[in-house]
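Commentary on secondary and tertiary structure
Spelled out, the chains give:
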Amino acid sequence: MAPPDPAAADWPRPVVHWEIAAQDADRLRDFYGGLFNWRIGTGPIMEIPAGIGGPEPGPGGHLLQGGRSGVTLYIHVRDLRESLDRAAELGGTVVAEPFDLPGTPTLAAITDPEGNPVMLVQQ
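Here the structure is a predicted model, which is why all the values come from computation and not from measurement.

Thoughts on the side chain of Ser83
When you line up the elements, Ser83 lands in helix α2 (residues 80-89). Within the local environment of Ser83, its side chain forms a polar contact with the backbone oxygen of Asp79, the two atoms lying 2.9 Å apart. Among all residues touching Ser83, those that are not within four sequence positions of it are Leu35, Val77 and Leu120.

Given below as structure tokens:
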């Protein structure tokens, strides 16, 4: 797909990068690396390369009225039950067991060891 022509009509801006801020970056490096098989770099900015099998043409998102401000990552997993068990072993907390909403894949919710919300997605 060719990039949009800047002289043409305006287009929606895609998400091109994300970051996880941590009070204990090494602990979250172990958590996310162990849970999602991410090969996370070292140093003051720990690079996390893109995964494979993501949605094309790229991730979408939504806004949700809620009781807190923040950003939630939705991460594709092979097996929800296995991922929930592994998250707990690595210091995360299971917030919601697997559930379905109309027209969506099966979801489950966890928080990482610092309380950041993460949705697990099994398609």
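Quick word on the nonpolar core
Ranked by internal contacts, the top residues of the largest apolar core, which has 17 residues, are Tyr32, Phe36, Ile110, Val118 and Leu120. For this core, the elements supplying multiple residues, two or more each, are α1 (25-36), β1 (73-76), α2, β3 (106-111) and β4 (117-122). In terms of residues, this core owes the most to one element, α1, which gives five residues. Once residues lying within four places of it in the same chain are set aside, the contact partners of Val118 are Tyr32, Phe36, Thr72, Leu73, Ile75, Ala108, Ala109 and Ile110.

Observations concerning the sheet that holds β4
Strand order in this open sheet of four strands is β1-β4-β3-β2, and the pairing throughout is mixed. The sheet is open, and its two borders are formed by β1 and β2 (93-99), each paired with just one other strand. When strand polarity is set aside, the average angle formed by the axes of neighbouring strands in this sheet is 20 degrees. Two strands pair when backbone bridges link them, and β1 and β4 are joined in this way by four bridges, in the parallel orientation. Residue Tyr74 lies in a different strand from β4, and its bridge partner there is Met119. Across the sheet, α2 touches β2, β3 and β4, and the angle it forms with β3 is around 5 degrees.

Definitions and limits used
Residues numbered from 1 in each chain as written. Predicted model: local features only at pLDDT ≥ 70, side-chain atom pairs only at ≥ 80, totals over all residues. Heavy atoms only, no water. Helix = DSSP H or I, 4+ residues; strand = E, 2+ residues; numbered from the N terminus. Polar contact = N/O pair within 3.5 Å; in protein donor to acceptor, adjacent residues only side chain to side chain. Contact = heavy atoms within 4.5 Å. Core = buried A, V, L, I, M, F, W, Y, C linked by side-chain atoms within 4.5 Å. Buried < 20%, exposed > 50% of the residue type's maximum accessible area, 1.4 Å probe, protein only. Pairing = 2+ DSSP bridges. Axes fitted to C-alpha atoms, helices over the stretch in contact; angles between N-to-C directions.

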